Amino acid sequence: MRDARVDWGDLSRIASARRIALVASYSPTPAVSRSLRELVTRLRAEDYATLVIRATDGPQGIDWPLADPEIAVAVRQNIGYDFGSWSSGLALLTDAAAADRLLLVNDSMIGPFDSLAPVLEHFEQSWAQAWGATGTLQFMPHLQSYFVGFKDGLLRNSGVERLFRNVKSLDSKNEIIDAYELGLSRALYREAIPYDAFISAGRVASVGKNPTINGWRGMLDLGFPMVKRQLVMTPELAPDGHEVGEYVAERYGTELDDWMDEEWLAAR
C-alpha cells in the first residue's frame, strides 16, 4: 500500500518527531469534518506530530484547514480501509515504525469533545509496548484498532511489521476485521508481546458486545471523550443508543449535530 501522495506539509518535520500519530480518514469529498479537525488539534496539543492519510473515491484532494508545520496530509485511493491508509503512511514515513511513541488512529468516532490528555497519559505510562483505547472480548480478546499505540519502535518487530507491510485489498469489512484488527492481536500473541488498554476488555461491555456500541456511556464516564459515528447514525444498534445525543450535551455542553457534516446528517 504505497499509493499515497503528499498534498500538504513537510514529512521531514513529522519523521523527526519523538511522538507521531498516523490518522486514517475517509471522505468522498474534500471537506474536513469538525471531528477530524478536532482530533488532529487534540493530538497536536499532546505533542504528537501528525500525518493524516485521506482515502477518497476520486482524484480530489482535501481542503485542509490547519496551518501547523508538524501536520502533513497525504491522499490515496480508498483501498484497504484504515489498515491500507496506515500502511501507506508507514511507507511514506519510513522511520515512524521506530518512533518512541506511535499512534494509529482513524476518524470513525465523533469528537473528541474534550482533551485527550488522560487517554494519552495512560498510553505514555502504560507498562506495555502495545496499547489501545479499548480492549474487547468480541470475537476474541483483542485491541480495537480505531485507536492503538506502540512504544519504543515496536513496529520494527518483524511479526508486527509484516502485518502492516502486507496489507491487501479485501472484499468486505468483516474480512478486514479478521485479517487486520484481529490479526494485529494474533501477531502480538505470536510474538509474546502483551498489550494494555485505557478501557480494558469487559469493563464496559460483556463478552460478544462491542464496547464502542454497547459500552458508549461507560467509555464517556471513564474519560474517553468520543462516540462511535455508526452508533449516532444507527442508534438502534444499542438499547440506549437514542440517548447518546442528550448524554453528550449534558456532559460536554455540545450538540452532536454540530459535529456532523452534511453527508452524515443526510444519511441519518
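Residues numbered from 1 in each chain as written. Predicted model: local features only at pLDDT ≥ 70, side-chain atom pairs only at ≥ 80, totals over all residues. Heavy atoms only, no water.

Colleague: What am I meant to see in the overall build of the chain here?
Modeller: The number of helices and strands found in the chain is eleven helices and eleven strands. The C-alpha atoms of the chain give 17 Å as radius of gyration, which agrees with the globular expectation for 268 residues (18 Å, within 12%). The principal-axis extent of the C-alpha atoms belonging to the chain is close to 45 × 40 × 35 Å. A total of 268 residues make up the chain; the buried ones form 54% of that total. Counted over contacts in the chain with a minimum sequence separation of 6, partners at least 24 positions apart contribute 73%. A gap of 5 Å separates the mean positions of the 27 positive and 37 negative side-chain charges of the chain. (Helix = DSSP H or I, 4+ residues; strand = E, 2+ residues; numbered from the N terminus. Rg over C-alpha atoms; globule rule 2.2 N^0.38 Å. Buried < 20%, exposed > 50% of the residue type's maximum accessible area, 1.4 Å probe, protein only. Contact = heavy atoms within 4.5 Å. Lys, Arg positive; Asp, Glu negative; His and termini not counted. Charge placed at Lys NZ, Arg CZ, Asp CG, Glu CD.)

Colleague: What am I meant to see in the side chain of Arg101 here?
Modeller: Relative to the assigned elements, Arg101 resides in strand β5 (residues 101-106). Look at Arg101 and you get buried, because its relative accessible area is 10%. Sequence-distant contacts of Arg101, that is, excluding residues within four places in its chain, are made with Arg18, Arg19, Ile20, Tyr48, Phe123, Glu124, Phe150, Lys151 and Asp152.

Colleague: Looking at this model, I keep getting lost on the pairing of strand β4 (residues 71-77). Mind explaining?
Modeller: Each regular strand shows side chains that alternate between the opposite faces of the sheet. Counted residue by residue, β4 has six buried out of seven residues, so it is predominantly covered. By the bridge criterion, three bridges tie strand β1 (residues 5-8) to β4 in an arrangement that is antiparallel. Bridging across to β4, Arg5 finds its partner in Val75. Looking at chain direction, strand β3 (residues 49-56) and β4 are connected through seven bridges and run parallel. If you follow Ile53 over to β4, its bridge partner there is Ala74. (Pairing = 2+ DSSP bridges.)

Colleague: Would you mind showing me how to read the pattern of salt bridges here?
Modeller: One side chain can pair with another of opposite charge once the charged atoms of both are near each other. What the rule picks out here adds up to 15 salt bridges. Between Arg101 and Asp152 there is a salt bridge; the shortest N-O distance is 3.3 Å. Here Asp152 lies in the loop between β9 (147-151) and α5 (158-165) and Arg101 lies in strand β5, a separation of 51 residues in the sequence. Shared partners join several salt bridges into a network, and the residues in it are Arg19, Asp47, Arg101, Glu124 and Asp152. (Salt bridge = Lys/Arg side-chain N within 4 Å of Asp/Glu carboxyl O.)

Colleague: I keep staring at the environment of Pro28 and nothing clicks. Help me out?
Modeller: As for its position among the elements, Pro28 is in the loop between β2 (19-26) and α2 (34-45). Put simply, Pro28 and Asp57 are 29 residues apart on the chain and 5.6 Å apart in space, counted from C-alpha to C-alpha.

Colleague: What is the right way to read helix α10 (residues 244-252) from this model?
Modeller: The periodicity of an α-helix, 3.6 residues per turn, causes residues three or four places apart in sequence to face the same way. All buried positions along α10 are accounted for by Val244, Tyr247, Val248 and Tyr252. Within α10, the buried residues cover an arc of 100 degrees as seen down the axis, which keeps them to one side. Residues of α10 that are exposed and angled more than 90 degrees away from the buried face: Glu246 and Glu250. Buried-residue contacts for α10 involve α8 (216-221), β11 (227-228) and α9 (229-233). (Arc of directions from axis to C-beta.)

Colleague: Mind showing me how you'd approach the packing of aromatic side chains here?
Modeller: Each aromatic ring pair is described using two quantities: the centre-to-centre distance and the angle formed by the ring planes. Overall, the coordinates contain nine aromatic pairs when judged by the stated rule. With a centroid separation of 5.0 Å and 40 degrees between ring planes, the pair formed by Phe123 and Trp131 is classed as tilted. Its relative accessible area of 0% is what places Phe123 among the buried residues. For Trp131, a relative accessible area of 0% corresponds to the buried category. By way of ring pairs, the aromatic residues Phe123, Trp131, Tyr146, Phe147 and Phe224 are connected into one cluster. (Phe/Tyr/Trp six-rings, centres within 6.5 Å; stacked < 30°, edge-to-face > 60°.)

Colleague: Explain the nonpolar core here, please?
Modeller: Ranked by size, the top nonpolar core spans 34 residues in total, and within it Ile20, Leu22, Leu102 and Phe164 carry the most contacts. Formed by 32 residues, the second largest nonpolar core is a distinct cluster that contains Leu36, Ile71, Met109 and Val204. (Core = buried A, V, L, I, M, F, W, Y, C linked by side-chain atoms within 4.5 Å.)

Colleague: How do you make sense of the environment of Gly135 when you look at a structure like this?
Modeller: Looking at the element boundaries, Gly135 is found in strand β7 (residues 130-136). Gly135 gets classed as buried once you look at its relative accessible area, which sits at 4%. C-alpha of Gly135 to C-alpha of Trp8: the two residues are 127 residues apart in sequence and 34 Å apart in space. With residues near it in sequence (within four places) discarded, Gly135 still touches His142, Leu143, Ala197, Ile199, Ser200, Ala201 and Pro211.

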